[in-house]
Structure formats: C-alpha cells, structure tokens
Amino acid sequence: MLELSNVSAGYGKTEILRNLSIGFEKNRLTSIIGPNGCGKSTLLKAALGMIPHMQGEISIDNVNLSTLKRKAIAKQIAYLPQGRGTPDMTVEQMVLHGRFPHLSYPRQYTSRDRDIAASAMDKAGIREFALKPVYALSGGMRQSVYIAMALAQETEYILLDEPTTYLDISHQLDVMRLLRNLADDGRGIVAVMHDLPLAFQFSDMVMVMDQGRIFAHQTPGEVCESGL
C-alpha cells in the first residue's frame, strides 16, 4: 500500500494539504476528483516525495519514503504529470526511458530491458509504432506511449495527473480501459480526473478532495449516493 498518514504539505510556507491520511492499494484504480486548486496534483507530488511534507509520514509497502533514495522510489512508483512535452525520439526510445531506474553505469540497455519495453508496448497497443517518432502520433497514442514508458519502469504503483485531458472520446476510453486492465493485473493506479463519468465508470474507488482535505474515499456508488 502507498500510504499517507497525517500529511501536511505545500509550497514554501503555503500549506496545501492539511493533515491528510489515505491509503492507495494495489489491484485498484482510484480516481481523485475535486475543484481546481484543491490539492489533487500536490497530493501526487507529496506521495512521490517531489515536494517536502511539513508533517506526517509517507510509506510504500510499510517502508518510510524518507529512507529511500530517488532511484529506489522510481523502482516503486511511476509518475505521469500533466503538460508533458513531445520529445524528438522514436516510440521505442521513449518507452526504454522507463528502464532508467534499473540501469547501472554506463547505462546501456540489455536484451532484457528491450524485451520489457517490447512487452510494455504490446500491453499499451503501440508495438506497431515502435519506430515512429513520438511527435508523429495523435494525442491519444502519445498518451499510450507515456503509459508504456511507465509500464517499462516495472513499478507496483502508477500515478497519473489528468491522463485523459485534451483527448477525444475514443482515446479517453482507450486510456481508461488500459488503466483498468493494469489495476486488474495487480498494480495500484491513482489518477487525478476531471471527467466524472469516466472516473465513476472505471474506478474501484473515488476520492473527493476540497481545500486540501479528503471528504470521501469510497466506491463510485457510495460517493454518488452521498450527495457530495
């Protein structure tokens, strides 16, 4: 479990998350919803140790995050932020970047790394585009490339910030089906979502945030019935 216990975090002296406790389990897809500026993206960054927390503890499978180096964290959690650029490289080269936490000096890919990347592309449905430049793909396919890169990272948890934003309906559904399959295969998937129908259709759990606090962490049905 990826667990935050009584965590307060923010930027500089500005507190965004306030005494927040939550656990994200493997084999589940959890969607985080709430108004803009409520702390959804900040929560993902705090869970990764990308921003310091002012109080509380964060642990990955009962290991305190503060005791782990960045490389060790990257072997446990993959993170796909919003607003990524489009690099000038092929799909295969991009997916292989997911192997970086597992490489030792001089960072040369092995046949195993390439096999893992190929398997990740298969799962994401992009193997046929392996030699194409990433910039030549549609927005939906590029998102699948980034998810394949996260798969190649071989982590137990994948955190995504607005994975369906700016995609057409067809590609939104493709991305959510892929995340659903990854959760069913045993990974812990946590996604910040603005599209509520997609969040409620595909998620095991929905977490509702506002003003840096959690107001619900329940099944989609329970959240709907709560009136929130």
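In this text the structure is predicted, and so the values were computed from the model without any measurement. (Residues numbered from 1 in each chain as written. Predicted model: local features only at pLDDT ≥ 70, side-chain atom pairs only at ≥ 80, totals over all residues. Heavy atoms only, no water.)

**Q** Would you mind going over the side chain of T42 with me for this structure?
**A** Mapped onto the fold, T42 is located in helix α1 (residues 40-48). Its relative accessible area of 7% is what places T42 among the buried residues. Residues contacting T42, with those up to four places away along its chain left out, are Y11, I16, L17 and I51. (Helix = DSSP H or I, 4+ residues; strand = E, 2+ residues; numbered from the N terminus. Buried < 20%, exposed > 50% of the residue type's maximum accessible area, 1.4 Å probe, protein only. Contact = heavy atoms within 4.5 Å.)

**Q** Would you explain the packing of aromatic side chains in this entry?
**A** Two aromatic rings, taken as a pair, are described by how far apart their centres are and by the angle between their planes. Summed over all chains, the structure comprises one aromatic pair. The ring of F100 carries the charged tip of R107 above its face, separated from the ring centre by 5.2 Å. (Phe/Tyr/Trp six-rings, centres within 6.5 Å; stacked < 30°, edge-to-face > 60°. Lys NZ or Arg CZ within 6 Å of the ring centre and 35° of its normal.)

**Q** Whenever I open this one, the sheet that holds strand β1 (residues 2-11) confuses me. Can you help?
**A** Sheets are built from strands paired through backbone hydrogen bonds, the pairs being either parallel or antiparallel. Within the open sheet, the four strands sit side by side as β2-β1-β4-β5. Their pairing is antiparallel. Two strands in the sheet have a free side with no partner beyond their single neighbour: β2 (14-24) and β5 (63-64). Note: β1 against strand β4 (residues 53-60), six bridges, orientation antiparallel. When the bridges of β4 are listed, L2 appears paired with I60. (Pairing = 2+ DSSP bridges.)

**Q** What's the story with the packing of helix α5 (residues 139-152) against helix α6 (residues 169-184) in this structure? I'm lost.
**A** In a packed pair of helices, the relevant descriptors are the angle between the two axes and the axis-to-axis distance. Packing of α5 against α6 leaves a shortest axis separation of 9 Å and a crossing angle of 15 degrees. By the angle between their axes, α5 is roughly parallel relative to α6. Along this stretch, α5 crosses α6, giving a crossing that reads as right-handed. Note on element contacts: α6 touches α5 through H171, V175, L178, L179 and L182, opposite G140, M141, Q143, I147 and L151. Residue classes in the contact of α5 with α6 are distributed as seven nonpolar, three polar and no charged. (Axes fitted to C-alpha atoms, helices over the stretch in contact; angles between N-to-C directions. Parallel < 35°, antiparallel > 145°, perpendicular 65-115°, else oblique. Left-handed = near helix turned anticlockwise from the far one by under 90°. Nonpolar A, V, L, I, M, F, W, Y, C, P; charged D, E, K, R; others polar.)

**Q** Would you mind going over the nonpolar core with me for this structure?
**A** Soluble globular proteins tend to bury their nonpolar side chains together. Formed by 47 residues in total, the largest nonpolar core has its most connected members in V91, V95, I126 and L179. Setting aside its immediate chain neighbours within four residues, V91 contacts M121, I126, F129, A130, K132, V134, L137 and V145. The next biggest cluster of nonpolar side chains, apart from the first, holds 28 residues, and it includes L4, I32, M207 and M209. (Core = buried A, V, L, I, M, F, W, Y, C linked by side-chain atoms within 4.5 Å.)

**Q** Hey, could you run me through the pairing of β2 in this one?
**A** The side chains of a regular strand alternate, residue by residue, between the two faces of the sheet. Across seven bridges, the pairing between β1 and β2 is antiparallel. Following the sheet pairing, A9 is matched in β2 by L17.

**Q** Mind showing me how you'd approach the sheet that holds strand β8 (residues 188-192) here?
**A** Judged by pairing direction, the sheet is mixed, and its six strands sit side by side in the order β6-β7-β8-β3-β9-β10 without closing on themselves. Every other strand in the sheet has two partners, leaving β6 (77-80) and β10 (213-218) as the edge strands with one partner each. With direction set aside, neighbouring strand axes in the sheet form an average angle of 15 degrees. One ladder, built from five bridges, connects strand β3 (residues 28-33) with β8; its direction is parallel. When the bridges of β8 are listed, S31 appears paired with A191.

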